[in-house]
Each structure stands twice: as structure tokens, then as C-alpha cells.
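Each chain, written out:
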Amino acid sequence: MKNFNRSVFLVTAGLGQVLSCYSQQGEMKNSQHPNIILIVADDMGWKDLECYGNSICETPNINKLANESVMFTNAYAAAPVSSPTRASIMTGKFPARLHMTTWSEDARDLQQGIIRKNQKLIPAVSIPDLPLEEFTIAEALKKQGYNAALVGKWHLGESMFYPENQGFDINIGGGSWGCPSTYFYPYKGPFGKKELRYIPHLEESGSGDGHYFKDRKGEYLTDRLTDEAIKIMKDGVEASAPFFLDLSYYAVHKPIEAPDSIVKYYKNKISGSGNPCNPVYAAMVHNVDQNVGRILSAIQELGISDCIVLKFVYSFCL
């Protein structure tokens, strides 16, 4: 275990270790208030990272993080699908105790009597929205004077159950859907036969220069979310209060899309190797690693490496 005093952790499970520092009244066990960054990669297999043995996907930044951190080799997600696992991370409770055992859209269909094709078992009753009365990690930290921000995927209910009503001061990109229609700007379009999907709060705001609709052609969602996260980190350093940043990437969930330059690199690498790895998927993993590297660089540039608790969480389905 190297450089443990930096309080950097690589984990493959939820936030139980952080939640254990708080009671339901939000009391901390110690007087320190470190900034907390939770990075979540969605739908990534445990062996998709180089540090866990993958021979195709190159993840040097996560490798470095793992080498300087606590790296778990025997840990489990609370559920095999997204919404209940995320609810567990937010509350520290088992999905069954929350009555959330399937992903949000599926639970909403079940309420209407719609059951998936080829469903072999009678599904359990499941609610689609994280109840507002549940005590979230954001609410616990708010009691300790933290500013809380969610950047990226939420997938825990419709608009009245969005992060803003669950303890977060800022929500950029968090909505009711589990995946985007596309990873490329403007991040909206048809999904399935009828539905139009979009990623909320990523409209160009103008930033004071009068340009409300800049040309973002080719902009990639994972890159954009990192841009927004770094802005929040910079604002957090300037503020007097500590910050909690939940950076929850939609990647590497479907649709399987990645920047052309990285896809080309992996097509060449995989060609003739006999490895059946999908080059586009490998490129998505690679891009997540690049953006983790950007977060690590920002931590160093902002001079907050000694007052950060950083967690990298992955391995959800759907």
C-alpha cells in the first residue's frame, strides 16, 4: 500500500466506508472535512481495466490510482442493475430494503402491468423513484457544511426525485434515464421506437461572452462531463466550504460509441491479435481512463491532493 496518507481509495463497491463516518444525524467521527470525489463508471466489467488484468484496454491513469491506493479484489455491487445499486450507494441501504430491485424504467413498466418479453419469473414489486424521505450521502454531508454536486448519471426517478431534491446543490446531466441516445453532442435523439432522450443541463450557457450556442460538433459526453466536474472543483476550492462531487459517467453503458481516433487505434491494435474485444468498447474504456487522468491532474493543479478522498467505483449493469 503506497502513499496511503493521500487518502485516495480505489474501490469496486459502494460508499459504505464513507457513510460509516456519519450517523443519521450527520455527525462525523472526526473534525476533518476533506473534499470528496466519487467517480462512477457505469456497466464496466471488473476485468475491463488493465490493473485487473485486461490485456487490450489501456488504462494508465486508473493503474496509477490503483498503485497509490487501496484496491479491492473481492467486492460486489449491491445489485446487478443500475438504479438499485445507485440507490444503495446514495443511502447505504440494501436495494430490497428500499423496495428498489430493478432499474427505474422497468419498475415504472411493472407498475403499469408491462412485463419484459421472455420474463421467466414473476418480478418483485419495485418502485421506480428513490423516496425523498430517504437520507442520502449528500444530505449527510450537507449537515456537515459540504456543497454537493452531481455531474452525470442519476437514474433514480422522475424530475421531482432529481438530485436537487435529494441533497445536491448542483445537478448537471442527471435525469431519469439510464443511458443517452448518443454520446455525441447534442446528446439527444430517438431511443427505441417512440422515446426522445436527452441529457439535461448541458445546454450552452454563454459564460458571459454572449455565445449561447457554440459549435460543439464532435464533443463527446464523457469529456464534457469532466469539463463540468473540473469547473465545480475549481469553484469548490475558491469557496470556504468543502465539496462533495459525484462524477457519475454514463460510459461505458450502451450505446457503444467512442471518438473516432481512439476507435481507430484499437481497431489496429486488435487486428490480427485473435482477441474478440470490441474496439469501440475498448475505446470507451480508454476514454474513461483519460478523463480520470484529467481529474487527477486537476487535483494536483488545484493543490488539494492532501485534502481529497477520491473513490473510483464501477461494475454496474444497465
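Remember, predicted model here, so these are calculated numbers, not experimental data. Numbering of residues starts from 1 in every chain and runs along the sequence as written. Where local features are concerned, this predicted model is filtered to residues with pLDDT of at least 70; where side-chain atom pairs are given and counted, the filter is 80 or more; whole-chain, interface and lining totals use all residues. As a rule here, side-chain values cover all heavy atoms of the structure and leave hydrogens and water aside.

Peer 1: Would you mind going over the overall build of the protein in detail, with residue names and values included?
Peer 2: Comment: elements are numbered from the N terminus, with helices defined as DSSP H or I runs of at least four residues and strands as E runs of at least two. A tally of regular secondary structure across the protein gives 9 helices and 9 strands. Looking at the protein as a whole, 52% of its 318 residues are labelled buried. In this description, contact between two residues means that some pair of their heavy atoms is separated by no more than 4.5 Å. In the protein, 71% of the contacts between residues at least 6 apart in sequence involve partners at least 24 apart. Accessible surface area values rest on a Shrake-Rupley calculation with a 1.4 Å probe, where residue burial reflects the displayed protein chains alone. Within the structure as shown, the protein displays about 15,400 Å² of accessible surface, and the carbon and sulfur contribution to it stands at 53%. With a 1.4 Å probe rolled over the protein chains alone, any residue whose accessible area is under 20% of its type maximum counts as buried; one over 50% counts as exposed, and the rest are partly exposed.

Peer 1: Which residues make up empty space enclosed by the protein, and what values go with them?
Peer 2: Note on definitions: the grid is 1 Å and covers protein atoms alone; a cavity is a set of points where a 1.4 Å probe fits but cannot get out; a pocket is an open set with protein on both sides within 12 Å along at least five of seven lines; lining residues have an atom within 4 Å of a point. Grid points are joined across faces, edges and corners, and a volume is the space filled by probe spheres set on the points. What the rule picks out here adds up to 2 cavities of 30 Å³ or more. What the largest cavity holds in volume is close to 80 Å³. Lining of the largest cavity is provided by L38, V40, R86, I89, M90, L150, K153, W154, L156, D246 and S248. Of all the elements in the fold, those that place two or more residues in the lining of the largest cavity are β2 (35-40), α3 (82-91) and β8 (243-248). Of all the elements, α3 adds the most residues to the lining of the largest cavity, at 3 residues. Under the scheme applied here, ten amino acids are nonpolar (Ala, Val, Leu, Ile, Met, Phe, Trp, Tyr, Cys and Pro), four are charged (Asp, Glu, Lys and Arg), and all others, including Gly, are polar. For the lining of the largest cavity, the class distribution of residues is 7 nonpolar, 1 polar and 3 charged. In this model, the second largest cavity occupies a volume close to 30 Å³.

Peer 1: Outline the state of the cysteines, listing residues and values.
Peer 2: Criterion for a disulfide: a pair of cysteine sulfur atoms at a distance within 2.5 Å. Under the counting rule described, the total for this entry stands at 0 disulfides. C57 carries a free sulfur, and the closest cysteine sulfur to it, the one in C277, is 4.8 Å from it. Take C57: its relative accessible area is 2%, and that puts it in the buried class.

Peer 1: Describe the pairing of strand β6 (residues 188-191), naming the residues involved and giving the relevant values.
Peer 2: For a regular strand, the rule is simple: side chains alternate between the two faces of the sheet. Pairing between β6 and strand β7 (residues 195-198): 4 bridges, direction antiparallel. Looking across to β7, one finds that G189 is bridged to R197. Linkage of β6 to β7, two consecutive antiparallel strands, is achieved through a turn of 3 residues, within which G192 is found at a positive phi near 75°. DSSP-based pairing: two strands are paired if at least 2 bridges between them are found.

Peer 1: Tell me about the layout of surface pockets, and please be specific about residues and values.
Peer 2: Of the volumes computed, that of the largest pocket is approximately 790 Å³. Lining the largest pocket are 25 residues, with W103, E105, D109, F191 and R197 positioned closest to its centre. Elements supplying a minimum of two residues to the lining of the largest pocket: α5 (104-111) and β7. Ranked by residues supplied to the lining of the largest pocket, first place goes to α5 with 5 residues. In terms of residue class, the lining of the largest pocket is made up of 7 nonpolar, 7 polar and 11 charged.

Peer 1: Which residues make up unusual backbone geometry, and what values do they have?
Peer 2: Residues A251 and V252 are joined by a peptide bond in cis, for which omega reads 15°. Here V252 shows up in the loop between β8 and α8 (260-270). Omega for the peptide link from K254 to P255 comes to 0°, which places this bond in the cis form. Within the secondary structure, P255 sits in the loop between β8 and α8. Despite not being glycine, D43 shows a phi value in the positive range, around 70°. Along the chain, D43 falls in the loop between β2 and α2 (60-67). A relative accessible area of 25% means that D43 is categorised as partly exposed.

Peer 1: So what about the pairing of β8? Which residues, and what values?
Peer 2: With 6 of its 6 residues buried, β8 lies for the most part within the structure. Residue alternation in β8 divides its side chains into two sets, F243, L245 and L247 and F244, D246 and S248, and both sets are buried. Where strand β4 (residues 147-152) lies against β8, 6 bridges are found, and the strand directions are parallel. Among the inter-strand pairings, G152 is bridged to a residue of β8, identified as S248.

Peer 1: Break down the packing of aromatic side chains for me, with residues and values.
Peer 2: Paired rings are identified among Phe, Tyr and Trp, the last through its six-membered ring, by centres lying within 6.5 Å, and are further divided according to the angle between planes into stacked (under 30 degrees), edge-to-face (over 60) and tilted (the rest). With the rule as written, the count across this model stands at 8 aromatic pairs. Arranged with centres 6.3 Å apart and planes meeting at 85°, the rings of W46 and Y52 form a pair that is edge-to-face. By relative accessible area, W46 is classed as exposed at 53%. We classify Y52 as buried; its relative accessible area is 10%. These aromatic residues form a ring-pair network of at least three members: W154, F168 and F244. The criterion is that NZ of a Lys, or CZ of an Arg, lies within 6 Å of the ring centre and within 35 degrees of the ring normal, and then a charge sits over that ring. A cation sits over an aromatic face here: R197 above F191, 3.7 Å from the ring centre.

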